[in-house]
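Structural description and commentary
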Amino acid sequence: MRGSRLLGKAAQILGVVFLLARACPAQQKIPDKEKLLFDALNRERTERKLRPLKWDDALARAARKHADLMAEQDLLEHQLRGEADLATRAREAGASFSHITENIAIGQDVEKLHEGWMQSPGHRANILDEAADCVGIAVVEGEVEFYAVEDFERNVVPLSIDEQEKRVKEILLARGLRLNDIGSAARKSCEMEQDYAGDSKARYVSHYETPDISRLPENVEKQLRSSRYKSVAVGACAPKEASTFTRFRIVLLLY
């Protein structure tokens, strides 16, 4: 017979973290046992003046699939034999994120699972993570005990290429720059490792990837502070490498 609490080592898979709030996917009714843990972790965060986490249905699906597998195999592991890693499981369930972590536990009393996590430095750090804004939780009943999973993320809203360009253009227009329409050359420039495509010679070119499209890189901010540029062309394209973490690939051509 196991003890009343058995916690797995907290898993952390971190991408680039950013600080602006994101909306989590639509929330369905949270089951009672999961709601108990959800309310408990948000009480901890609220008491410490941290932003409460929102429920993410996609993360909850990923958490339940993993909890079901742990219960089936009677094992407490973040990655079971033949199973994908945490980030891949979450992505396959429909989550979109730049940062993801996980708590797992086995116990006979659901309420005490939260207490056990809070007494474990790694699990506590995940619950109180300032970078996280969403969570999905699953509690599965085994033959004797409950198997629980909490998946935490920093949510990123997926955007089309057009939407990415629109968001960045709005930021630059607000800075007083005019938009320079160079047709398809901006997107072709984005696909290059450096420099730019076409005949419209830019005074400054910046290629970058980011999970937070609302923020410009510091090198670009420095250039804009110089007030040397009057117009800009913006191109977006697919990231250079496939990843379970959501990122946006952008090029800025300053004139």
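Looking at the overall build of the protein chain
The helix and strand tally for the protein chain stands at eight helices and 10 strands. Expressed along its principal axes, the backbone C-alpha trace of the protein chain runs to roughly 75 × 40 × 30 Å. If you take every contact in the protein chain between residues at least 6 apart in sequence, the share linking residues at least 24 apart comes to 75%. With 39 positive and 41 negative side-chain charges, the protein chain shows a spacing of 8 Å between the two charge centroids.

Brief notes about the state of the cysteines
Applying the stated criterion across every chain yields a total of one disulfide. Covalent S-S linkage joins Cys190 and Cys237, the inter-sulfur distance amounting to 2.1 Å. Here the disulfide of Cys190 and Cys237 is left-handed, its torsion about the S-S bond being about -75°. Taken together, the positions of Cys190 in helix H7 (residues 185–190) and Cys237 in strand E9 (residues 231–237) put the pair 47 residues apart, joining distant regions of the chain.

Structural notes on the nonpolar core
Leu37, Leu41, Ile127, Val135, Ile137 and Phe152 are the most contacted members of the largest nonpolar core, which totals 22 residues. For this core, the secondary structure elements donating two or more residues are helix H1 (32–47), helix H4 (110–118), strand E5 (134–141) and strand E6 (146–155). Among the elements that make up this core, the one with the highest residue count is H4 (four residues). Excluding anything up to four places from it in sequence, Phe152 contacts Leu41, Leu53, Leu59, His99, Ile100, Thr101, Asn103, Asn126, Ile127, Ala132, Cys134 and Val135. Counting residues in each nonpolar core, the second largest holds 20 residues, with Val156, Ile171, Phe248 and Leu252 among its members.

Let's talk about the pairing of strand E10 (residues 248–254)
Looking along a regular strand, one sees the side chains alternate between the two faces of the sheet. Counting buried residues along E10, seven of its seven residues qualify, which places the element largely inside the surrounding structure. Residues Phe248, Ile250, Leu252 and Leu254 line one face of E10 and the alternating positions Arg249, Val251 and Leu253 line the opposite face, and both faces are buried. In the sheet, E9 pairs with E10 via six bridges, with the strands oriented antiparallel. Residue pairing across strands places Gly235 opposite Val251, the latter belonging to E10.

Quick notes on the environment of Ser160
Tracing the backbone shows Ser160 in the loop between E6 and helix H6 (161–174). Residue classification places Ser160 among the partly exposed positions, given a relative accessible area of 34%. The spatial distance from the C-alpha of Ser160 to the C-alpha of Ala58 is 20 Å, given a sequence separation of 102 residues.

Things to note about the packing of H1 against H4
Two elements in contact, H1 and H4, have axes whose closest approach is 9 Å; the angle formed by their N-to-C orientations is 35°. The way H1 lies across H4 gives a crossing that is right-handed. Residues Lys33, Leu36, Leu37, Ala40, Leu41 and Glu44 of H1 form the contact with H4, whose participating residues are Val110, Glu111, His114, Trp117 and Met118. Residue classes in the contact of H1 with H4 are distributed as seven nonpolar, one polar and three charged.

Observations concerning the packing of aromatic side chains
To describe a pair of aromatic rings, one takes the distance between the centres and the angle between the planes. Taken as a whole and assessed by the stated rule, the structure comprises three aromatic pairs. Where Phe38 meets Trp55, the ring centres are 5.5 Å apart and the plane angle is 90°; that geometry is what we call edge-to-face. With Phe38 in helix H1 and Trp55 in strand E3 (residues 54–55), the pair connects residues that are 17 residues apart, well separated along the chain. Like Phe38, the residue Trp55 is buried in the burial classification.

A short note on the pattern of salt bridges
Tallied over the entire structure, the rule returns 13 salt bridges. Arg89 is the salt-bridge partner of Glu83, the closest N and O atoms lying 3.7 Å from each other. Under the relative-accessibility criterion, Glu83 is labelled buried at 12%. The exposure class assigned to Arg89 is buried, which follows from its relative accessible area of 8%. As a salt-bridge pair, Asp162 and Arg187 come within 2.3 Å of each other at their nearest N and O atoms.

Points about the confidence of the model for the protein chain
Within the protein chain, residue pLDDT values average 91, and 92% of them lie at 70 or more. Segment residues 1–5 is flagged for pLDDT under 50; beyond a separation of four residues in sequence, or across chains, it makes 15 contacts in the model. Note on residues 15–21: pLDDT under 50 across the span, and 21 contacts to partners over four residues away in sequence or across chains.

Rules used in this analysis
Residues numbered from 1 in each chain as written. Predicted model: local features only at pLDDT ≥ 70, side-chain atom pairs only at ≥ 80, totals over all residues. Heavy atoms only, no water. Helix = DSSP H or I, 4+ residues; strand = E, 2+ residues; numbered from the N terminus. Contact = heavy atoms within 4.5 Å. Lys, Arg positive; Asp, Glu negative; His and termini not counted. Charge placed at Lys NZ, Arg CZ, Asp CG, Glu CD. Disulfide = S-S within 2.5 Å. Core = buried A, V, L, I, M, F, W, Y, C linked by side-chain atoms within 4.5 Å. Buried < 20%, exposed > 50% of the residue type's maximum accessible area, 1.4 Å probe, protein only. Pairing = 2+ DSSP bridges. Axes fitted to C-alpha atoms, helices over the stretch in contact; angles between N-to-C directions. Left-handed = near helix turned anticlockwise from the far one by under 90°. Nonpolar A, V, L, I, M, F, W, Y, C, P; charged D, E, K, R; others polar. Phe/Tyr/Trp six-rings, centres within 6.5 Å; stacked < 30°, edge-to-face > 60°. Salt bridge = Lys/Arg side-chain N within 4 Å of Asp/Glu carboxyl O. pLDDT = per-residue confidence, 0-100.

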